[in-house]
Amino acid sequence: MNIQQTEDNKNGEFYYEVDGEKLASMTYTYAGDDKIIIDHTSVDESLKGQGVGYKLVEAAVNFAREKSIKIMPLCPFANAVFNKRSEYSDVRF
């Protein structure tokens with residue numbers, strides 16, 4: 001599964017696309033230079049139960065580690081994933 005990322009100065013998105021159609025998305029906003037806030041996650045019904053949401057969060061965690069930044073998971077789904085995965089605590093704000 002290829003999770004892609006797009007970003008402008010203040011906002012970004014991790015997403016999964018099939019045939020040009022975005023089927024899963026997780027958006028974030030920068031809060032300063034050292035933190036992003038995950039504010040929304042959505043996964044198409046056709047992908048439910050396949051772990052796609054987890055893959056989006058994993059992509060964000062890997063991104064945060066590469067950039068040495070922290071994540072504030074305000075999105076209820078992302079927050080639940082962070083609560084379940086103690087291995088992500090190093091990037092949680």
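Residues numbered from 1 in each chain as written. Predicted model: local features only at pLDDT ≥ 70, side-chain atom pairs only at ≥ 80, totals over all residues. Heavy atoms only, no water.

Trainee: Give a description of the overall build of the protein chain that names residues and reports values.
Mentor: Helix and strand counts for the protein chain stand at two helices and five strands. The linear arrangement of helices and strands in the protein chain, starting from the amino end, is β-β-β-β-α-β-α. Radius of gyration (C-alpha) of the protein chain: 12 Å, near the 12 Å computed for a compact globule of 93 residues. Each principal axis of the C-alpha atoms in the protein chain carries an extent, and together these give about 35 × 30 × 20 Å. Per-residue burial for the protein chain yields a buried fraction of 39% across its 93 residues. For the protein chain, the exposed area adds up to about 5,400 Å²; of that, 44% sits on carbon and sulfur atoms. (Helix = DSSP H or I, 4+ residues; strand = E, 2+ residues; numbered from the N terminus. Rg over C-alpha atoms; globule rule 2.2 N^0.38 Å. Buried < 20%, exposed > 50% of the residue type's maximum accessible area, 1.4 Å probe, protein only. Areas by Shrake-Rupley, 256 points an atom, 1.4 Å probe, with all protein chains shown as cover.)

Trainee: An account of a negative patch on the surface is needed here, citing residue identities and associated values.
Mentor: Where like charges cluster on the molecular surface, the negative patch consists of Glu17, Asp19, Glu21, Asp44 and Glu45. Position of Asp44 relative to the elements: it lies in the loop between strand S4 (35-43) and helix H1 (52-67). For Asp44, a relative accessible area of 32% gives the class partly exposed. (Patch = residues over 30% accessible without salt bridge, like charges linked within 9 Å, V, L, I, M, F, W, Y side chains within 5 Å. Salt bridge = Lys/Arg side-chain N within 4 Å of Asp/Glu carboxyl O. Lys, Arg positive; Asp, Glu negative; His and termini not counted. Charge placed at Lys NZ, Arg CZ, Asp CG, Glu CD.)

Trainee: Can you tell me about the sheet that holds S4, naming the residues and giving the values?
Mentor: Pairing is mixed in the open sheet, where five strands are placed in the order S1-S2-S3-S4-S5. At either end of the open sheet lies a strand with only one pairing partner, and these are strand S1 (3-7) and strand S5 (70-73). Put simply, the sheet's adjacent strands are angled 30 degrees from each other on average, direction ignored. The pairing of strand S2 (residues 11-18) with strand S3 (residues 21-30) spans eight bridges and is antiparallel. Looking at S3, one finds that Gly12 is bridged to Tyr28. Each of S1, S2, S3, S4 and S5 touches H1; the most contacted strand, S3, lies at about 40 degrees to it. Packed onto the sheet, helix H2 (residues 76-84) meets S4 and S5 and runs at close to 120 degrees relative to S5. (Pairing = 2+ DSSP bridges. Axes fitted to C-alpha atoms, helices over the stretch in contact; angles between N-to-C directions. Contact = heavy atoms within 4.5 Å.)

Trainee: Give a detailed account of the pairing of S2, specifying residues and quantitative values.
Mentor: Alignment of S1 against S2, held across five bridges, turns out to be antiparallel. Pairing of Glu7 across the sheet is with Gly12, part of S2. A loop of three residues connects S1 with S2, the two strands running antiparallel in sequence.

Trainee: Can you break down the pattern of salt bridges residue by residue, with the values?
Mentor: On inspection of all chains with the given rule, the structure shows two salt bridges. Put simply, Glu13 and Lys22 hold a salt bridge, and the shortest N to O gap is 2.7 Å. Judged by its relative accessible area of 13%, Glu13 falls in the buried class.

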